[in-house]
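Breakdown of the fold
One-letter residues, chain by chain:
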Amino acid sequence: MRITEAARQLGTTPRMLRYREALGLLPRSRSEHTAQRQYDDRDLAAVQLALDLERRYDVTPAALAFALRALAEPSVAADIRNLGYRTGRLTAPPTQAEIDRERALRWLGRSGVLPPRPR
């Protein structure tokens, strides 16, 4: 179906569908040889899921697209994780020395709950 019909079914506008497509929130078009994109059930389901996520988590299409990028690109995910550690929103994973100490304590039969690391 054409963009106008797809937008009507989804309760949005053709402009917002084009915007979401530009952000990467739609599956890639499978028909490269036609000038106008045809929307199928897979496309509509992807847009509907994106709309539901945007409402549920109160995020913009751009924020949702960035979240997808963070999931798809390990370097972006690592940078975001680093920011999370620095802001205290994430706790840093244990160091190799802490993991080794925990293993040694378990091997010796001691409960090896480690004290929290100083910040």
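Here goes a summary of the coordinates provided. No experiment lies behind these values; they were computed from the predicted model shown. (Residues numbered from 1 in each chain as written. Predicted model: local features only at pLDDT ≥ 70, side-chain atom pairs only at ≥ 80, totals over all residues. Heavy atoms only, no water.)

**Quick notes on helix α3 (residues 41–57)**
- The end-to-end C-alpha distance of α3 is 24 Å, a good match for the 24 Å that 17 residues give at a rise of 1.5 Å each.
- For α3, every residue scored as buried is listed here: Asp43, Leu44, Val47, Ala50, Leu51 and Glu54. Along α3, the residues classed as buried sweep out an arc of 125° about the axis, all on the same side. Counted as exposed and oriented over 90 degrees from the buried face of α3: Asp41, Arg56 and Tyr57.
- Where α3 is buried, its residues contact α1 (3–10), α2 (14–23) and α4 (61–72).
- Of the residues that open α3, the one with a side-chain oxygen 3.1 Å from the backbone nitrogen of Arg42 is Asp40. (Helix = DSSP H or I, 4+ residues; strand = E, 2+ residues; numbered from the N terminus. Expected span 1.5 Å × (residues − 1). Buried < 20%, exposed > 50% of the residue type's maximum accessible area, 1.4 Å probe, protein only. Arc of directions from axis to C-beta. Contact = heavy atoms within 4.5 Å. Polar contact = N/O pair within 3.5 Å; in protein donor to acceptor, adjacent residues only side chain to side chain.)

**Focus: the environment of Leu49**
- Summarising the element assignment, Leu49 is placed in helix α3.
- We classify Leu49 as partly exposed; its relative accessible area is 49%.
- C-alpha of Leu49 to C-alpha of Leu25: the two residues are 24 residues apart in sequence and 9.6 Å apart in space.

**Quick word on the packing of α2 against α4**
- Where α2 contacts α4, the two axes come as close as 10 Å, and the packing angle between them is 25°. Relative to α4, the element α2 is oriented roughly parallel. Along this stretch, α2 crosses α4, giving a crossing that reads as right-handed. Contacts from Met16, Tyr19, Arg20 and Leu23 of α2 reach α4 at Pro61, Ala62 and Ala65.
- In terms of residue class, the contact of α2 with α4 is built from six nonpolar, no polar and one charged. (Axes fitted to C-alpha atoms, helices over the stretch in contact; angles between N-to-C directions. Parallel < 35°, antiparallel > 145°, perpendicular 65-115°, else oblique. Left-handed = near helix turned anticlockwise from the far one by under 90°. Nonpolar A, V, L, I, M, F, W, Y, C, P; charged D, E, K, R; others polar.)

**Quick look at the pattern of salt bridges**
- Evaluation of the coordinates by the stated rule reveals eight salt bridges.
- The partner of Arg69 in a salt bridge is Glu73, and the shortest N-O contact between them spans 3.3 Å.
- Here Arg69 falls in the partly exposed class, since its relative accessible area comes to 42%.
- The exposure class of Glu73 is partly exposed, given its relative accessible area of 32%.
- Put simply, Glu21, Arg37 and Asp43 are held in one network by salt bridges that share partners. (Salt bridge = Lys/Arg side-chain N within 4 Å of Asp/Glu carboxyl O.)

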